Amino acid sequence: NTPLQALVLLNDVQHVEAARVFAAQLLDFESEDRSRLERAFRVATSRMPTTDEVEILAELLSAQRGVFEDDLDAARELISVGDSAVAERHDPSALAAWTVVASAVLNLHEAITKG
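The rules behind the values
Residues numbered from 1 in each chain as written. Predicted model: local features only at pLDDT ≥ 70, side-chain atom pairs only at ≥ 80, totals over all residues. Heavy atoms only, no water. Helix = DSSP H or I, 4+ residues; strand = E, 2+ residues; numbered from the N terminus. Buried < 20%, exposed > 50% of the residue type's maximum accessible area, 1.4 Å probe, protein only. Contact = heavy atoms within 4.5 Å. Areas by Shrake-Rupley, 256 points an atom, 1.4 Å probe, with all protein chains shown as cover. Lys, Arg positive; Asp, Glu negative; His and termini not counted. Charge placed at Lys NZ, Arg CZ, Asp CG, Glu CD. Polar contact = N/O pair within 3.5 Å; in protein donor to acceptor, adjacent residues only side chain to side chain.

Enquirer: Outline the overall build of the protein, supporting the account with residue identities and numerical values.
Expert: A tally of regular secondary structure across the protein gives seven helices and zero strands. Secondary structure elements of the protein occur, N-terminal to C-terminal, as α-α-α-α-α-α-α. Looking at the protein residue by residue over its 115 residues, the buried ones come to 33%. Within the protein, counting contacts between residues at least 6 apart in sequence, those at least 24 apart form 62% of the total. Carbon and sulfur atoms make up 52% of the accessible area of the protein, which totals about 6800 Å². Side-chain charges of the protein comprise 10 positive and 20 negative groups, with the mean position of each set lying 7 Å from the other.

Enquirer: If you had to explain the environment of arginine 89 to someone new, which residues and values would you point to?
Expert: With respect to the helices and strands, the residue arginine 89 is situated in the loop between helix 5 (72-79) and helix 6 (92-106). Measuring from C-alpha to C-alpha, the distance between arginine 89 and alanine 24 comes to 9.2 Å, with 65 residues separating the pair along the chain. Engagement of the side chain of arginine 89 in a polar contact is seen with the side chain of aspartate 28, the distance being 2.6 Å.

Structure, rendered in structure tokens:
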């Protein structure tokens, strides 16, 4: 891991767009937050998350919901990153919050390295 790697994985257009598309899929396939968080973790790491890991992601989701519900322009800006069409069926603030969570999960050490 290098600082440059972290900057790319968190800020590169393709990575942000991938997180948004992943977030939209989570919103489509699961109906409850816990199920979405577990699915995201399982898809990215090939294992079920621990209770502590789910709680940490739930706290991140809650914080991001607050941020994007208060700043809808920031939500729209985040979800507009990339070339793929934005899933209009989702509330922009919800999709933005889940995009941040999806990005965090996709940036877990287990998701970016192979053992």
